[in-house]
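Remarks on the overall topology
Here's the letter readout for the chains.
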Amino acid sequence: MSVKGILLVGGKGTRLMPLTKHTPKPMLEVAGVPFTAHQLAKAKAAGITEIALATSYMADVFQPYFGDGSALGMKIHYAIETEALGTGGAIKNASKVLDLKPGDSVVIFNGDVLSGHDLKAQIDFHKNSKAAVTLFLTEVADARAFGCVPLDAEKNVLAFLEKMENPVTNLINAGCYIFDSSVFELIPSEIVISVERETFPDLLNRGLVVKGFVDLSYWLDIGTPAALITASKDLVMQKLISPATPKNDGFALIANDATLGKSTKISGGSVISKGVFIGDGCEIIGTIIFEGAKIGDNCRIISGIVAPNSKIPANTSTTSEIIGY
Ligand code: GDD
Ligand code: MG
């Protein structure tokens, strides 16, 4: 009885355009490494060493980077959808490459969630409650953009209400599910299905035990530029510890070959990537500067994302989120 993983990394990342024009959302660097590296590290820390990446949009960039997973001490499979199958179809498709046995459990991760939740405790809760599915839930002030998940006193999921106008609770689907291996048989093959809008309501209609595991620690969906910047800063400043974050001083993460001008100050969890050149007298706060960008003298950039290989003119002062794209 083993625990394997599926990572959903096939979405288009529409809200992150133009950042996702040439890079899929899960491959965008957050605290110096592709976001997926943080999720793989989290999975591994919880004892998951075999995982399928469910890819669709720009599927071909994942494998050259992560390979067979041996560099991470994991076994990584790739389940590629030629046409995006939706979250449910992607889960079904990826389950086929995992060689599942009765009694196995599979942890399924949305590919854009950064969380400090206790995954080991979620797995234990799932096993002890003998649930078919266990959903990680968190609380947000405004649940309209999420899957709303009311529970009863025994933590049974009563309904799954994806993106509703008048949320019935602030408890939301936090994007990490555990499925008993028998559940995959209930999802049809090779058609577009939403796990949120179709599969979860279907499992509840069938009367299966679906539990909610509530954990209110750090949680963020990195699906917008502002959230991506926040995630990167929080990891560099160690508000959230990820084993995949490269070593840094807790103030900034600066590539060895970056060039910094005289009296230039970098702070607030900024990331200065490979080959970046920053002129004299600049102040860079809580900002991600992607590979090869050149920043002129006396620039002040706060909470932004600077495009790879872009040229930012001297004396630029900005608090825009997207710069040089
Ligand atoms: N392989 C594959 N194929 N992956 C997909 C597809 C697909 O067709 N569609 C979406 N995904 C992946 C995305 O890459 C992302 O990692 C994940 O599935 C969720 O998709 P999003 O587009 O980010 O959904 P969302 O943020 O609007 O809502 C989801 O996440 C919320 C938490 O952040 C839902 O699961 C909500 O219920 C949840 O509250
Ligand atoms: Mg999302």
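Everything quoted here is computed from the prediction, not taken from an experiment.

A word on the pattern of salt bridges. Counting across every chain of the model gives 10 salt bridges. Residues Lys 25 and Asp 112 are paired through a salt bridge, measuring 2.9 Å at the closest nitrogen-oxygen approach. A residue pair is termed long-range when its members are at least 10 positions apart, and Lys 25 in the loop between strand 1 (3-8) and strand 2 (29-30) and Asp 112 in the loop between strand 6 (105-110) and strand 7 (113-115) qualify at 87 residues. Take Lys 25 and Asp 112: they sit in the same class, and that class is buried. Here Arg 144 and Asp 142 are joined by a salt bridge, their closest N and O atoms 2.8 Å apart.

Our next topic: the packing of aromatic side chains. According to the stated counting rule, one finds 8 aromatic pairs in the structure shown. Ring centres of Tyr 65 and Phe 66 lie 4.7 Å apart, and the angle between their planes is 70 degrees; on these two criteria the pair is classed as edge-to-face. Exposure remark for Phe 66: the relative accessible area of 7% places this residue in the buried category. With a centroid separation of 6.3 Å and an interplanar angle of 70 degrees, the aromatic rings of Phe 179 and Phe 200 are classed as edge-to-face. Linking Phe 179 in strand 11 (residues 171-180) with Phe 200 in helix 5 (residues 195-205), this pair joins segments that are 21 residues apart in sequence.

A few words on the environment of Thr 259. Inspection of the secondary structure assignment puts Thr 259 in strand 15 (residues 259-260). Thr 259 gets classed as partly exposed once you look at its relative accessible area, which sits at 39%. As a C-alpha pair, Thr 259 and Ile 272 span 13 residues in sequence and 9.4 Å in three-dimensional space. Those residues within four positions of Thr 259 in sequence are excluded, and the remaining contacts are Val 276, Phe 277 and Ile 278.

Now for the UniProt feature "domain: Nucleotidyl transferase" (unreviewed entry) in the protein chain. Mapped onto the present numbering, the UniProt feature "domain: Nucleotidyl transferase" (unreviewed entry) falls at residues 4-235. The straight-line gap between the two end C-alpha atoms of residues 4-235 is 26 Å; of that span, 25% is helix and 25% is strand.

Of the protein atoms, only Asp 112 (OD) and Asp 221 (OD) coordinate the magnesium ion (ligand 2), at distances of 2.1 to 2.4 Å. Remark: Asp 221 occurs in strand 13 (residues 219-221) and Asp 112 occurs in the loop between strand 6 and strand 7; sequence separation between them is 109 residues. Residue class for Asp 221 comes out partly exposed when judged on its relative accessible area of 22%.

Conventions we followed
Residues numbered from 1 in each chain as written. Chains lettered and ligands numbered in written order. Predicted model: local features only at pLDDT ≥ 70, side-chain atom pairs only at ≥ 80, totals over all residues. Heavy atoms only, no water. Salt bridge = Lys/Arg side-chain N within 4 Å of Asp/Glu carboxyl O. Helix = DSSP H or I, 4+ residues; strand = E, 2+ residues; numbered from the N terminus. Buried < 20%, exposed > 50% of the residue type's maximum accessible area, 1.4 Å probe, protein only. Phe/Tyr/Trp six-rings, centres within 6.5 Å; stacked < 30°, edge-to-face > 60°. Contact = heavy atoms within 4.5 Å. UniProt positions renumbered as here; feature names shortened; annotations may be inferred. Donors = N, O, S within 2.8 Å, 3.2 Å for Na, K, Ca; no water.

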